[in-house]
Amino acid sequence: MTALTLSTSSAATLRADAIVVGVAKGPKGPVVAPGAEAVDKAFDGKLATVLETLGAGGGEGEVTKLPVLSGLKAPVVLAVGLGDQPAKGDGFAEETLRRAAGTAARALTGTKKAAFALPVEDAESVAAIGEGALMGAYAFTAYRGNGAAKKDAKSAPLAEAVILGAKPRDKAFKAAAERAAAVAAEVNRARDLINMPSNDLDPKSFAAEAQAAAKEFGLKVEVLDEKALLKGGYGGLMGVGQGSATPPRLVRLAYTHPKAEKTLALVGKGITYDSGGISLKPAGHNETMKCDMAGAAAVFAAVVAVARLGLKVNVTGWLALAENMPSGNATRPGDVLKMYSGKTVEVLNTDAEGRLVLADALTRASEENPDAIVDVATLTGAMVLALGNRTFGVMANDDAFRTSLYEIAEEVGEQAWPMPLPAELRKSMDSPVADLANMGERMGGGLVAGLFLQEFVGEGIAWAHLDIAGPAFHESAPYGYTPKGGTGSSVRTLVRLAERTADGDLG
Ligand code: BES
Ligand code: MN
Ligand code: ZN
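The notes below deal with the structure included here.

Thresholds applied
- Residues numbered from 1 in each chain as written.
- Chains lettered and ligands numbered in written order.
- Predicted model: local features only at pLDDT ≥ 70, side-chain atom pairs only at ≥ 80, totals over all residues.
- Heavy atoms only, no water.
- Helix = DSSP H or I, 4+ residues; strand = E, 2+ residues; numbered from the N terminus.
- Rg over C-alpha atoms; globule rule 2.2 N^0.38 Å.
- Buried < 20%, exposed > 50% of the residue type's maximum accessible area, 1.4 Å probe, protein only.
- Contact = heavy atoms within 4.5 Å.
- Areas by Shrake-Rupley, 256 points an atom, 1.4 Å probe, with all protein chains shown as cover.
- Donors = N, O, S within 2.8 Å, 3.2 Å for Na, K, Ca; no water.
- Tetrahedral: all angles 85-135°; square planar, octahedral: opposite > 155°, others 65-115°.
- Salt bridge = Lys/Arg side-chain N within 4 Å of Asp/Glu carboxyl O.
- 1 Å grid on protein atoms, 1.4 Å probe; cavity = no way out; pocket = protein on both sides within 12 Å on 5 of 7 lines; lining within 4 Å.
- Points joined across faces, edges and corners; volume = space filled by probe spheres on them.
- Nonpolar A, V, L, I, M, F, W, Y, C, P; charged D, E, K, R; others polar.
- Domains from an automatic or database assignment.
- Pairing = 2+ DSSP bridges.
- Axes fitted to C-alpha atoms, helices over the stretch in contact; angles between N-to-C directions.
- Near = heavy atom within 4 Å.
- Polar contact = N/O pair within 3.5 Å; in protein donor to acceptor, adjacent residues only side chain to side chain.
- Sits in = over half its atoms within 2 Å of the grid points.
- Phe/Tyr/Trp six-rings, centres within 6.5 Å; stacked < 30°, edge-to-face > 60°.
- Lys NZ or Arg CZ within 6 Å of the ring centre and 35° of its normal.

## A few points about the overall build of the protein chain
Regarding its fold elements, the protein chain presents 15 helices and 20 strands. Relative to a compact globule of 507 residues, whose C-alpha radius of gyration would be 23 Å, the protein chain shows 24 Å and is just as compact. If you line up the protein chain on its principal axes, its C-alpha atoms span 80 × 50 × 45 Å. Looking at the 507 residues of the protein chain, the share that counts as buried comes to 57%. Taking all contacts inside the protein chain whose residues are at least 6 apart in sequence as the whole, residues at least 24 apart take part in 76%. In the form shown here, the protein chain has an accessible surface area of approximately 20600 Å², with 51% of it arising from carbon and sulfur atoms.

## Side note on the coordination of the zinc ion (ligand 3)
Protein-derived ligands of the zinc ion (ligand 3) are Lys-269 (NZ), Asp-274 (OD), Asp-292 (OD) and Glu-353 (OE), with the metal-ligand distances lying across 2.0 to 2.4 Å. Relative to the metal, the six donor atoms surrounding the zinc ion (ligand 3) lie at angles of 78 to 173°, and the coordination shape comes out octahedral. Here the donor residues of the zinc ion (ligand 3) are spaced in sequence according to K-x4-D-x17-D-x60-E. Distance-wise, the manganese ion (ligand 2) is placed 3.1 Å from the zinc ion (ligand 3), both being coordinated by Asp-274.

## Quick look at the pattern of salt bridges
Any two side chains of opposite charge can pair, on the condition that their charged atoms come close. Counted under the stated rule, the structure contains 28 salt bridges. Two residues, Glu-131 and Arg-179, come together in a salt bridge whose shortest N-O distance is 3.2 Å. A residue pair is termed long-range when its members are at least 10 positions apart, and Glu-131 in helix α4 (residues 123-136) and Arg-179 in helix α6 (residues 171-195) qualify at 48 residues. Judged by its relative accessible area of 15%, Arg-179 falls in the buried class. In this structure, Arg-500 engages Glu-411 in a salt bridge whose closest nitrogen and oxygen atoms are separated by 2.8 Å. You can see Arg-500 sitting in helix α15 (residues 491-502) and its partner Glu-411 sitting in helix α13 (residues 399-412), a full 89 residues away along the chain. Put simply, Glu-60, Glu-94, Glu-95, Arg-98, Arg-99, Glu-131, Arg-179, Glu-411, Arg-496, Glu-499 and Arg-500 are held in one network by salt bridges that share partners.

## With respect to the layout of surface pockets
In this model, the largest pocket occupies a volume close to 1200 Å³. Elements represented by at least two residues in the lining of the largest pocket include exactly β10 (263-274), α11 (354-367), α12 (381-387), α14 (445-454) and β19 (473-474). In the lining of the largest pocket, the residues fall into 13 nonpolar, 16 polar and twelve charged. Its volume calculated, the second largest pocket comes out at about 940 Å³. When residues of the lining of the second largest pocket are traced back to their parent elements, those giving at least two are α4, α5 (148-151) and α6. No other element matches α6, which puts seven residues into the lining of the second largest pocket. Among the residues making up the lining of the second largest pocket, the classes are represented as 19 nonpolar, eight polar and twelve charged. No fewer than three residues from each of domain 1 (3-165) and domain 2 (189-502) sit in the lining of the second largest pocket.

## Side note on the sheet that holds β10
Two strands in a sheet stick together by hydrogen bonds in their backbones, pointing the same way (parallel) or opposite ways (antiparallel). Ordered in space as β8-β9-β11-β10-β14-β18-β15-β16, the eight strands form an open sheet in which the pairing is mixed. Of all the strands in the sheet, the pair left with one neighbour each is β8 (220-224) and β16 (416-418). Within this sheet the neighbouring strands show an average axis-to-axis angle of 20°, counted without direction. Two elements, β10 and strand β14 (residues 372-377), share five bridges in a ladder whose sense is parallel. Looking across to β14, one finds that Gly-268 is bridged to Val-376.

## So, the coordination of the manganese ion (ligand 2)
Protein coordination at the manganese ion (ligand 2) comes from Asp-274 (OD), Asp-351 (O), Asp-351 (OD) and Glu-353 (OE), with a distance range of 2.0 to 2.2 Å. Relative to the metal, the six donor atoms surrounding the manganese ion (ligand 2) lie at angles of 71 to 170°, and the coordination shape comes out irregular. Each donor residue of the manganese ion (ligand 2) belongs to the same chain, with the gaps between them written as D-x76-D-x1-E.

## Examining the site of ligand 1
Inspection of the region around ligand 1 gives 15 residues, with Lys-281, Asp-292, Asp-351, Glu-353 and Gly-381 positioned closest. Within the side chain of Lys-269, a nitrogen or oxygen atom sits 3.2 Å from an oxygen atom of ligand 1. For ligand 1, an oxygen atom lies 2.9 Å from a polar atom in the side chain of Asp-274. The cavity that encloses ligand 1 is the largest pocket. Tallied by class, residues from the shell around ligand 1 come to four nonpolar, four polar and seven charged.

## Brief notes about the packing of aromatic side chains
By the definition in use, this model includes five aromatic pairs. Judged by centre distance (5.5 Å) and plane angle (85°), the rings of Tyr-406 and Trp-417 are edge-to-face. Placement of Tyr-406 in helix α13 and of Trp-417 in strand β16 is noted, with a sequence separation of eleven residues between them. Here Tyr-406 falls in the partly exposed class, since its relative accessible area comes to 22%. A centroid spacing of 5.2 Å and a plane angle of 35° characterise the contact between Phe-452 and Phe-456, whose relative ring orientation is tilted. For Phe-452, a relative accessible area of 0% corresponds to the buried category. Accessibility expressed as a relative area gives 3% for Phe-456, which makes it buried. Across the ring face of Phe-300, the terminal group of Arg-189 is positioned such that the distance to the ring centre comes to 5.2 Å. The cationic tip of Lys-343 hangs over the ring face of Phe-456; the distance from NZ or CZ to the ring centre is 5.5 Å.

## Section: the environment of Ala-18
Relative to the elements of secondary structure, Ala-18 occurs in strand β2 (residues 18-26). Residue class for Ala-18 comes out buried when judged on its relative accessible area of 1%. Residues Ala-18 and Pro-420 lie 402 residues apart in sequence; the distance between their C-alpha atoms is 48 Å.

Shown next as structure tokens:
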């Protein structure tokens with residue numbers, strides 16, 4: 001991954017292949033943002049005019065490359081748009097800096113070392129620029145041919161990012177940079193797993209990834225294989241996974257801190273491929289379904305991030321892994337599954353499989369009586385219809401907890417929105433043969449799914465459900481630090497939740 005360092009060197013003397021500066025949209029044209037004074041000086045104080053001449057206005061996402069004739073060691077200046085200039089006295093929003101650094105890092109593909117001369121006001125801005133640069137520099141290259149394309153230096157991600165204006169020995173700055181590097185590395189881990197095609201990432205190999213990471217980061221790991229799941233009565237996981245040639249797994253990944261006062265349980269939907277099963281998805285709806293394990297990837301990555309940061313909280317990650325395939329062994333619509341909780345579920349639609357694997361994992365997680373449970377899942381198309389492609393829905397059995405999660409997401413620059421769990425929708429899942437059915441009313445389908453999950457959460461445990469079906473996988477053009485493909489949605493929210501829990505800020 002891209003290396004991240006801090007420096008107080010002047011942009012004029014620092015050796016780098018490019019210098020990144022910010023340009024904001026002022027009332028009368030582009031304005032060079034603070035942090036780029038030395039660069040402006042190398043352009044005789046006329047950097048804004050030069051940019052304007054080239055048609056740059058400072059709009060968000062805008063990138064302008066300039067050659068350097070003299071005054072700087074770097075041969076190239078890259079001006080990145082920051083959007084509207086903030087009101088006097090206000091700084092740039094963290095997410096503005098994060099996205100601008102990401103846009104710049106993407107535009108610097110093929111560059112070795114870039115210095116970021118963006119506005120640094122405090123440790124938070126350092127963290128935002130660092131995260132943005134390292135997430136923006138992400139590229140998924142594992143499946144590129146071994147030929148020239150793979151080795152082409154021009155397509156190599158930015159190798160080194162230096163943030164200027166931040167003392168490397170300053171404790172707060174140093175911690176911010178280290179945190180940014182850890183969080184970005186884990187967001188990128190989640191992205192790699194999501195992008196990995198389902199012929200290589202199946203429940204078994206996913207579990208092996210968790211075991212390898214557990215070894216590396218000193219986590220406790222347990223894997224229930226199909227025999228253990230059958231013996232244990234995990235009817236949800238087994239029912240979904242039984243049509244696949246690669247059987248299901250339930251992974252428990254635990255980070256503990258000797259002084260922790262609270263325990264968080266994170267539960268992730270890990271459908272390594274969702275064909276829909278016997279209720280097969282039509283063409284046009286299955287091309288991106290390798291992403292249906294994005295919840296488990298986010299949980300996995302968040303647990304590792306918490307371990308890297310050594311937070312004073314216990315965090316247990318549950319990865320509910322299965323592949324949803326049609327076959328002679330597959331669950332049929334109308335089949336009844338006996339879940340791990342003992343409840344029976346009539347499977348009306350085998351494509352509503354996420355809730356079945358999550359139900360078992362939620363019951364199992366509840367047995368350990370954690371202080372809170374958060375599940376993350378690419379659960380419903382209905383949530384995508386409701387909130388679009390960039391926003392995840394937050395549902396909960398506790399209003400304060402839902403509000404906290406929504407606020408945390410906002411704080412870390414993830415788009416989220418609170419959604420209700422209207423009690424009257426529950427009866428739409430009544431079944432004539434079983435305790436409940438795995439689907440109900442179509443209207444409010446995302447909320448119906450949330451109500452299904454709620455049935456499997458232990459009594460008295462605060463629980464929230466993040467439906468990331470929209471933002472988990474980005475299909476259109478990259479923007480800011482968001483690439484095409486897996487995004488790592490919710491990793492940053494989960495890590496901040498763990499930090500807040502460690503700090504005793506939550507109930
Ligand atoms: N994995 C899908 C949901 C999904 C849709 C994720 C689009 C990402 C993008 C889920 O398993 C599913 O198929 N849900 C069904 C539920 C329905 C059958 C009750 C849906 O949303 O259509
Ligand atoms: Mn499905
Ligand atoms: Zn699914």
